Structures are given as C-alpha cells and as structure tokens.
Amino acid sequence: MWSTWLLPLTLLSSGTVPVEKVEHQQTNGSRNALRNVDIISVEEILLLNRHFVDYLAAINDQTLQDASDRQCAITLQQLAVAYLERERIGLEWFDSWGKVPSGLYHENGNALGNVDQCRGIEPIRMQHCTFIGLFPSEIGLLFSGLCVPHSCSPDFVQQLYGDYLNSQGGMVVPVFEQESLCIRDEEVRYDGAMITAIVISSIIGLCVLSSTMYELIILGMKREINPLYSSFSLLGNVRSILHLVPRVKNTQQKSSMVECAHGIRSLSMIWIIVLHVHDMANTKPWENDPARVEYLRGFWASLLHYSGMLAVDTFLVLSGMLVAMSMLRELDKKGKINPLMLYLHRYIRITAPLAPLILFVVSFAVYMGEGVFWKVNFDFLKSGCLDNWWAALLHIQNYVDPQNMCLPWTWYLSVDMQLYIIAPALIYPLWRYGKRVLLVIGGLAVLSMVCVLTTFLVNEFRMNFFVPDIDNRKHALTYYATHARMAVWLWGLGFGYILHKTRETGVNLPKRYWIVGWVACFTLLGLIIFSNYQIHTTNVDDFSHVIDAFYEPLSRSVFAVCVMWIILACVNGKGGLLDEFLGASMWQPLSRLSFTMYLLHVLLLVMASIAPSKTSAYFSVIDMFYRIWGAIGLTTSVTLLWSAIFEVPFGTLDRLLLRS
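Read on for an overview of the structure. Just so it is clear, the structure is predicted and the values come from calculations on it, not from any experiment.

In this section: the overall build of the protein chain. Assigned secondary structure in the protein chain consists of 27 helices and five strands. Relative to the globule expectation of 26 Å for 660 residues, the C-alpha radius of gyration of the protein chain, 28 Å, shows essentially globular dimensions. Its C-alpha atoms put the protein chain at 90 × 70 × 40 Å along the principal axes. Within the protein chain, the proportion of its 660 residues that are buried is 57%.

Set out below in structure tokens:
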C-alpha cells in the first residue's frame with residue numbers, strides 16, 4: 001500500500017504520509033491546548049469569518065514595526081471597511097472567502113472559497129490562502145480559504161488569523177509552511193535545476209525534431225533509413241511501440257515466447273493504476289468523506305484497492321522469470337556472460353526515462369498549474385528529489401533514505417536493479433550445476449519470507465488500511481527493502497529455469513493434474529482476495545497481529561505461485577480461453593509501455609486530480625470508476641510520447657553503439 005508516502009494531505013483523510021508524524025504530534029498538542037476551553041458551537045463557527053472582517057476593520061496598524069506588514073494591515077482594513085459599507089470590491093472580496101459548509105459533523109470541514117474569484121479582483125492584486133483551524137469541538141479540522149492582498153506575507157496573515165482564532169477559542173494548526181498554501185503570482189526561478197532542464201529539454205527536442213524530419217524525408221525518397229539517425233524519430237518510435245506481432249501457433253515456439261506475459265503485465269499495470277486512484281481519493285477534499293470510507297469497507301474496494309498491492313509482485317515474478325530465461329539463453333549460446341555489460345544495459349534501460357522525470361519534478365512541475373494544494377504536493381515531491389536524486393539514479397534509495405525518497409513510488413526500480421545485480425551469481429551456478437541450485441534459491445526465498453514474518457511479529461505491525469503507519473517504519477522495513485521483497489522474485493527466477501529447460505519438450509502432465517492445478521489456482525486466488533477483504537475491513541482488535549505477520553509474506557508467495565501456474569499452463573497449450581485472452585496481440589503495446597506507465601502514472605494523477613483542486617468534490621462510486629478510466633487513458637497517452645522520446649531512443653542507441 002502506497003498511502004504512507006502518498007502526499008502530505010493526510011489531514012483530509014484516514015491515510016498517512018511521511019510528514020504525518022509531525023502533523024499528528026502538532027494536532028494532538030493543539031487539542032491538548034484546547035481541552036480546557038468551552039466547546040465552540042456550529043453557530044459560532046458559522047459566523048467565524050464574518051467576525052474576522054470586524055476584527056480587520058478595527059486592526060491597529062500602528063503597533064506593527066515592519067513596513068510591509070503595516071501596508072498589508074492597512075489594505076486589509078480598507079477592504080473590511082469597504083465590505084461593511086457595502087462597496088462592490090469589499091462585497092466581492094468577502095464573497096470569495098470560504099464559508100462554513102454543511103455537514104461539519106459529517107467530516108466536511110472544507111471551506112476553501114472561490115480561488116478564481118479572489119484572483120480576479122481588481123484593481124488590487126490578490127492571493128488565495130488556506131488556513132487550517134482547530135476548535136474545541138467534535139467537528140475536526142476546518143480548512144478555511146481567505147482572499148488577501150498579494151503584498152501580504154503569508155506568514156503575517158497566518159499570524160493575524162491565528163491571533164483572531166485564539167480570541168475565539170480556536171487556533172491555526174501550522175502543519176505546512178503557510179506559503180505553500182497560498183496561490184499567488186510568482187516569477188519563474190531560474191535556478192540550477194531550471195536552467196539544466198531548459199538546456200536538456202532543448203537538446204532532446206532538437207534531436208526529436210531532426211530525427212523525425214530525417215525519417216520523413218528518407219521515407220519520401222524511398223531510401224533505406226539509418227537506424228542511428230532515426231533513433232529519436234517520433235514517428236518511428238511510436239510505430240515500434242504500437243506494432244503488433246502475430247501470435248505463434250506452434251506449441252514448441254510458444255514455450256519460449258511466453259506470449260501470455262503481455263496480458264499479465266498489462267493487466268497488472270492497470271491494476272496498479274486502479275490501486276493508486278483509490279489511494280489518491282484519500283487526499284482529495286470530499287464533502288461526504290464518510291461515503292468514501294464506507295465504500296472502502298466494501299468487497300469491491302477490497303478487490304480493486306487492497307488486493308492491488310499484489311500487482312507489484314506480478315512484476316517481480318515476471319522480472320525474475322525473464323531475467324533467468326534471457327541469461328540462460330545467453331549462457332547456452334556463448335557459455336559465459338559479461339555481468340558489467342549486462343548491468344550497463346539494464347541501467348540505461350530503466351534510468352533513461354527516470355532521469356528526465358526527476359528533472360521535470362525539480363524544475364517545470366510546480367509551474368504547470370495551480371490549486372489549493374498544488375504547492376504542498378510539488379514542494380513535497382521536489383524536496384525529496386533535491387535531497388536524494390543521486391540515490392534514485394543509483395537505484396539505492398530504498399535503503400539510503402526510505403522516509404524521503406525521490407518519487408517514492410520508484411522504490412520498485414531500486415529493488416529491481418538490486419535484484420538484477422545479484423542475478424548472475426544465482427543463474428550461472430544454476431546453468432552450471434543444474435536443478436540442485438534450486439534448493440539454494442528456494443532457501444533464500446524462505447529466508448526472505450521469514451525476515452518479513454519476524455519483522456511483523458517483533459514490531460506488531462498491522463496490515464489494516466485504517467491503521468496508520470505514522471513513522472513509515474512498516475513500509476521501510478517490509479515493503480521497500482529488497483531483502484523483504486526478493487522471495488517472489490526468486491520464485492520467478494526458479495520458474496524461469498524450469499521454462500528454459502522445458503522449452504523444447506514442454507511439461508507433459510496428465511489431464512487430471514492440469515484440472516487440479518487450475519482448481520487450486522483459482523481457489524487460492526479467491527482465498528487471498530477474501531482474506532484481504534477480511535483483514536482490511538475487520539477491527540484489528542478482533543484478531544491477533546500474528547495473523548497479519550504470517551499472511552503478509554505467505555500471500556505474496558502464494559499469489560506468485562498462481563501467476564506462475566497460469567503462465568505454465570498457457571505456454572504448454574493448457575490455458576484455453578484464458579491463454580487466448582492474455583496472449584492476444586492487443587496487449588503488446590500496453591505491455592511495452594508498462595514500465596514507463598509505472599513511472600508516470602502517479603505524477604499524472606497528482607497533476608490532474610489532486611493538486612489542481614480548488615474546491616471540495618462529492619464522492620460517488622460511479623465517479624470513482626470515471627476517475628479510473630480517465631487515469632488509464634491519460635497515463636497511456638502521455639506515456640506513449642514519453643516512451644517514444646526518452647525510453648525507445650536510448651534503447652536503440654544502447655543496442656547500436658554498445659551491444660555491437
């Protein structure tokens with residue numbers, strides 16, 4: 001589950017994020033400070049911002065030492081007086097403020113106001129700031145949006161509003177830097193990251209334009225295209241991604257092609273997007289948040305959300321399987337492998353699309369839009385990348401600083417690269433000494449499972465989605481760490497060896513064994529999904545943490561076994577309609593894009609759904625599915641271009657210049 005590193009908007013939901021520990025302490029401390037204060041009523045909160053106008057009208061600017069603060073106070077006082085005297089600018093100014101919404105006792109504390117109206121007021125330049133208020137009542141936190149002059153310092157306005165709330169029995173909770181919660185006109189900062197991004201994007205853009213024009217001209221002249229010169233061609237790269245290869249009908253060839261892997265990889269990527277759309281919903285301001293929580297406690301949410309965590313294990317299984325098959329073929333052909341060259345090719349393969357994404361986040365991203373929580377989100381992402389970009393590019397950030405990773409969802413790349421580094425040390429003995437080495441691989445997988453089991457038992461970790469991982473320790477120790485995730489990859493590695501050894505003969509089992517295998521496979525999959533539903537929707541006090549400790553490592557490996565069984569049946573012609581579906585050519589483009597989709601989809605979800613929010617939304621199940629389909633379409637479209645510009649060209653250059 002990824003909500004522990006989602007984005008710092010946990011106060012809007014029951015999810016958790018890296019900064020939640022600080023928020024949690026501040027919120028608890030704030031509540032302790034208000035315990036002895038009389039309970040504030042809804043009527044008092046209803047008039048809260050209206051009385052703030054009176055407070056501003058009577059402000060004494062003479063006590064302020066700073067000239068800019070004094071000017072800000074004077075302007076606010078003039079606007080307040082204009083409102084009290086019913087002047088248009090004052091009425092429009094106050095009208096853009098957040099008003100106390102209906103449903104305060106229904107967890108709807110989102111009084112964000114009208115951002116566009118505030119920013120459009122003339123002739124005074126305005127900024128929209130959101131403040132987080134806390135009151136001695138049961139209504140929770142109130143997100144109040146105010147329209148203030150652009151000349152006002154966000155910190156000064158926070159102090160001013162905080163003094164007012166204190167006089168009313170409440171207080172401002174300083175969860176984030178106030179500047180990150182203000183929407184204001186800002187000039188582009190041409191720092192080192194921005195200049196680097198402009199230079200590199202210009203060079204890449206020139207390469208894409210030149211290469212595309214070259215291919216178009218050569219095609220028009222009907223001459224042979226030089227692949228080196230056309231490596232950055234948008235036309236050629238998109239064509240190669242969308243190219244469909246006809247299915248193989250020969251059973252012997254099917255054993256070495258593993259066509260069903262395209263469908264499995266594509267559906268797993270879609271499942272991950274569905275999972276993260278659900279996670280994103282935890283950070284969006286909803287008018288009816290209890291409806292969202294009720295939905296999350298249902299069976300379909302369990303299938304789409306909680307069980308979606310297993311999709312990553314699918315990628316680990318496929319990675320281990322394909323690595324084993326490719327290296328074993330190389331050993332059969334040449335009798336040796338060059339690990340350093342293998343590492344270089346792999347590094348280029350996964351880093352080429354990652355590096356420009358990091359550069360985009362630390363430069364252009366914050367200027368791509370605006371919203372109440374836009375800067376909060378992108379400051380969070382940018383901060384992690386400024387601190388740990390090097391660890392991300394070296395693919396070691398899951399160990400270096402797991403609480404502050406650059407693009408936290410890319411932990412998988414670190415795990416995958418680290419496992420690839422140790423692959424030759426396992427695969428060469430497997431090729432040299434045969435199936436006896438499978439015992440060693442199986443033993444390492446069991447040790448990895450025991451490690452996760454022990455960590456859960458010692459720390460009494462719980463899997464329940466509604467139990468926050470406040471300090472992110474559970475994920476750092478059992479989710480991001482390579483030694484905790486390697487069991488599934490090792491099972492895939494051993495499975496790849498079996499497929500390689502049986503590629504010519506196939507696996508010949510009696511029909512009843514295939515039937516038993518399919519029944520066991522679907523039974524186990526159903527059991528895992530139902531168990532996920534029970535674990536995440538049952539009160540954690542109703543069962544022991546020992547159950548969680550055993551279920552976490554076992555469910556991953558059992559799910560991996562089910563995936564391997566499906567592949568084994570499909571490559572041996574026993575998959576039936578499922579093989580026809582998973583091996584269909586239509587999955588090939590999505591399968592080729594799956595890696596880059598994984599890189600981009602979270603950032604696209606943030607930019608399109610969470611960060612640009614300027615008001616609260618109404619949750620419904622149909623809206624959730626609408627967002628899911630929108631996320632899949634947006635991710636696929638943007639990824640097609642990103643892959644054609646950054647992934648395919650460098651893969652082509654790697655093949656032409658290094659592998660030759």
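A full pass over the atoms with the stated rule returns four disulfides. Here Cys 72 engages in a disulfide with Cys 152; their sulfurs sit 1.9 Å apart. Linking Cys 72 and Cys 152, the disulfide has an S-S dihedral of approximately 100° and is accordingly described as right-handed. Pair noted here: Cys 72 is in helix α4 (residues 67-84) and Cys 152 is in the loop between β3 (142-149) and α7 (154-167), with a separation of 80 residues, a long-range link. As far as burial versus exposure is concerned, Cys 72 and Cys 152 are alike and both buried. Note that Cys 118 is cross-linked by a disulfide to Cys 147, the S-S spacing being 2.2 Å. Between Cys 118 and Cys 147, the S-S torsion sits near 85°, and that sign places the bridge as right-handed. Taken together, the residues span a long stretch of sequence, with Cys 118 in helix α6 (residues 115-119) and Cys 147 in strand β3 at a distance of 29 residues.

Here we take up the environment of Val 175. As for its position among the elements, Val 175 is in the loop between β4 (171-172) and β5 (182-183). Here the alpha-carbon distance between Val 175 and Ile 132, two residues 43 residues apart in the chain, equals 7.9 Å.

Moving on, we come to a negative patch on the surface. The grouping of Asp 155, Glu 177, Glu 179 and Asp 379 at the surface amounts to a negative patch. Structurally, Asp 379 can be placed in helix α17 (residues 374-394). Residue Asp 379 is classed as partly exposed on the basis of its relative accessible area of 33%.

All right, on to helix α9 (residues 234-242) then. If you check which residues of α9 are buried, you get Gly 236, Asn 237, Val 238 and Ile 241. Among the structural elements, α8 (192-221), α26 (588-610) and α27 (621-658) are those in contact with the buried residues of α9.

Another aspect to go through is the nonpolar core. Formed by 149 residues in total, the largest nonpolar core has its most connected members in Phe 378, Leu 407, Trp 411, Ile 427, Ile 567 and Leu 603. Among all residues touching Leu 407, those that are not within four sequence positions of it are Leu 354, Leu 357, Ile 358, Val 361, Cys 385 and Gln 397. Ranked by size, the runner-up nonpolar core spans 40 residues in total, among them Cys 118, Phe 131, Cys 147 and Phe 156.

Our next topic: the side chain of Ser 96. Of note, Ser 96 is situated in the loop between α5 (88-95) and β1 (110-111). You can call Ser 96 buried: its relative accessible area is 0%. One polar contact links the side chain of Ser 96 to the main-chain carbonyl oxygen of Trp 93, over a distance of 2.7 Å. Contacts of Ser 96, omitting those with residues within four sequence positions, involve Gly 113, Asn 114, Gln 117, Cys 118, Ile 121 and Cys 147.

Scanning the entire structure with this criterion turns up 37 aromatic pairs. Between Tyr 55 and Tyr 164, the ring centres sit 5.3 Å apart and the planes meet at 55°, which makes this aromatic pair tilted. Of this pair, Tyr 55 sits in helix α3 (residues 48-57) while Tyr 164 sits in helix α7, and the two are 109 residues apart along the sequence. In this structure Tyr 55 comes out as partly exposed when scored by relative accessible area, which is 29%. For Tyr 164, a relative accessible area of 1% corresponds to the buried category. For the pair Phe 456 and Phe 461, a centre-to-centre distance of 5.7 Å together with 85° between the ring planes defines the contact as edge-to-face. Of the two residues, Phe 456 and Phe 461, neither departs from the other in class, the shared state being buried. What links up through ring pairs into an aromatic cluster is the set Phe 52, Tyr 55, Tyr 83, Trp 93, Phe 94, Trp 97, Phe 131, Tyr 161 and Tyr 164. Taking NZ or CZ as reference, Arg 485 lies 4.6 Å from the ring centre of Tyr 479, over its face.

Rules used throughout
Residues numbered from 1 in each chain as written. Predicted model: local features only at pLDDT ≥ 70, side-chain atom pairs only at ≥ 80, totals over all residues. Heavy atoms only, no water. Helix = DSSP H or I, 4+ residues; strand = E, 2+ residues; numbered from the N terminus. Rg over C-alpha atoms; globule rule 2.2 N^0.38 Å. Buried < 20%, exposed > 50% of the residue type's maximum accessible area, 1.4 Å probe, protein only. Disulfide = S-S within 2.5 Å. Patch = residues over 30% accessible without salt bridge, like charges linked within 9 Å, V, L, I, M, F, W, Y side chains within 5 Å. Areas by Shrake-Rupley, 256 points an atom, 1.4 Å probe, with all protein chains shown as cover. Salt bridge = Lys/Arg side-chain N within 4 Å of Asp/Glu carboxyl O. Lys, Arg positive; Asp, Glu negative; His and termini not counted. Charge placed at Lys NZ, Arg CZ, Asp CG, Glu CD. Contact = heavy atoms within 4.5 Å. Core = buried A, V, L, I, M, F, W, Y, C linked by side-chain atoms within 4.5 Å. Polar contact = N/O pair within 3.5 Å; in protein donor to acceptor, adjacent residues only side chain to side chain. Phe/Tyr/Trp six-rings, centres within 6.5 Å; stacked < 30°, edge-to-face > 60°. Lys NZ or Arg CZ within 6 Å of the ring centre and 35° of its normal.

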